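# Topology and contacts: notes
These are the residues of each chain, in order.
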Amino acid sequence: MLKFGFVNETNMSLLTDLYELTMAQVYLKDNMTKQAVFDFYIRPTEKRSFFINTGLEQLLYYLENMKFTNEDLEYLKSLGFEDFFLDYLKNFKFTGNVYAIEEGQVIFPNEPVVQIEAPLPEAQIIETFLINTLQLPILVATKAVRCYIAGKGKKYLLILG
C-alpha cells in the first residue's frame, strides 16, 4: 500500500470536510451534476514573487484511489447524510480531468497551478484535499529555494515554523 505521510488507501475518502460533503449532497439532490471547473492558484503577496510547484503526485494518487469504505459510509450516515447520497459515495470514482503545471516548475501568483474539470459534486468533494495537499509542499519547496538563492548556493538546514 502506497503512503504519503498520513494519507493511505484506507483513510483518504474522509480527508475532506463536512461542508464539501454537504454541498455535494445538495448538488445531487437538486440534480446539479454538470461539469464544473475550478482553479487552484496562489494569491499575490508582497514578500514572494514566485513559488515552486509540488504536491501533484499526492493529489493524483488521491484522485485515482479515493473510495468510501463501508465504515466511512456508516460514519457519514450517523452524521445525518441521506441514503441516496451514501449510495452515490459507495460507488464514488473521480471521473474528471486534471490540468497542472509540472512538478518542480516555478509558478507565479494568480497563475492557475491546477485546474479541475469534473461533475460538480466530484469537484466539490475533492476541493479540500487539493488545497491542503498543495499548500504545504509548495510553501516548503519555495522556502528551500529562496534560502538557497539568499545563501548564494550554500547548503543550509531548513527549519519551518
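So, a few notes on the structure that sits alongside this text. Quantities reported herein were computed from a predicted structural model and do not represent experimental measurements. (Residues numbered from 1 in each chain as written. Predicted model: local features only at pLDDT ≥ 70, side-chain atom pairs only at ≥ 80, totals over all residues. Heavy atoms only, no water.)

### A word on the pattern of salt bridges
Within this structure, the stated rule accounts for two salt bridges. With its nearest N and O atoms 2.6 Å apart, the salt bridge here joins Asp83 to Lys77. For Asp83, a relative accessible area of 46% gives the class partly exposed. (Salt bridge = Lys/Arg side-chain N within 4 Å of Asp/Glu carboxyl O. Buried < 20%, exposed > 50% of the residue type's maximum accessible area, 1.4 Å probe, protein only.)

### A few points about unusual backbone geometry
Phi angles above zero are rare outside glycine, and Asn31 is one such case at about 60°. Here Asn31 lies in the loop between helix 1 (18-29) and strand 1 (35-40). The phi angle at Asn110 is positive, at roughly 65°, despite the residue not being glycine. Along the chain, Asn110 turns up in the loop between strand 4 (106-107) and strand 5 (114-119). (Helix = DSSP H or I, 4+ residues; strand = E, 2+ residues; numbered from the N terminus.)

### Some remarks on the side chain of Thr128
Within the secondary structure layout, Thr128 lies in helix 5 (residues 120-150). Residue classification places Thr128 among the buried positions, given a relative accessible area of 11%. A polar atom in the side chain of Thr128 sits 2.8 Å from the side chain of Glu20. Filtering out sequence-adjacent residues up to four positions away, Thr128 remains in contact with Thr16, Asp17 and Glu20. (Polar contact = N/O pair within 3.5 Å; in protein donor to acceptor, adjacent residues only side chain to side chain. Contact = heavy atoms within 4.5 Å.)

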